[in-house]
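# What the coordinates show
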Amino acid sequence: MIAHTIARRKALTLQTMPVRNEKRKGDDLFWAEHPRYSDAKDPTLAWFRHTLKADWVAPTEVKQDFGNASILKDGRVVFNIAGNKYRLVVWINYGYRVVYVRFIGTHKQYDEIDAQTI
């Protein structure tokens, strides 16, 4: 299982809607660490580029951009990646407009976690 926990001081980028995760610039990414998941690369990068430009202040705005996203409690959102083959779980701090990546993995791996607490 690939679970990405968050360190607040490590940012991939700081733009309108920063996306944060434990990885430092230059570290391997999900598909680089696990080549069998290379089909996740383009869809995940597309999600990432869209999210950088977003300025979400409420879950309804996330749903407007990603109609198939599942809105959970306390700022958690689950995105379907690559035609629902992968799941991306994030925590969004709407007040600060920051997206924290909590998990990315296959649908099967997602079924083994608790998206609300990871």
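These lines cover the structure that appears in this document, whether it is placed above or below. (Residues numbered from 1 in each chain as written. Predicted model: local features only at pLDDT ≥ 70, side-chain atom pairs only at ≥ 80, totals over all residues. Heavy atoms only, no water.)

Of all 9 residues that make up strand 5 (residues 98-106), 9 are buried, and the element is covered over most of its length. In this structure, the hairpin formed by strand 4 (residues 86-93) and strand 5 is closed by a connection of 4 residues, where R97 is found at a positive phi of approximately 55 degrees. (Buried < 20%, exposed > 50% of the residue type's maximum accessible area, 1.4 Å probe, protein only. Helix = DSSP H or I, 4+ residues; strand = E, 2+ residues; numbered from the N terminus. Pairing = 2+ DSSP bridges.)

Counting buried residues in strand 4 gives 7 out of 8 residues, a clear majority hidden from the surface. Note: strand 3 (residues 76-81) against strand 4, 6 bridges, orientation antiparallel. In the sheet register, V78 faces strand 4, and the bridge partner there is V89. Hairpin connection of strand 3 to strand 4: 4 residues between the antiparallel strands, including A82 at a positive phi of 60 degrees. Looking at chain direction, strand 4 and strand 5 are connected through 8 bridges and run antiparallel. If you follow R87 over to strand 5, its bridge partner there is G105.

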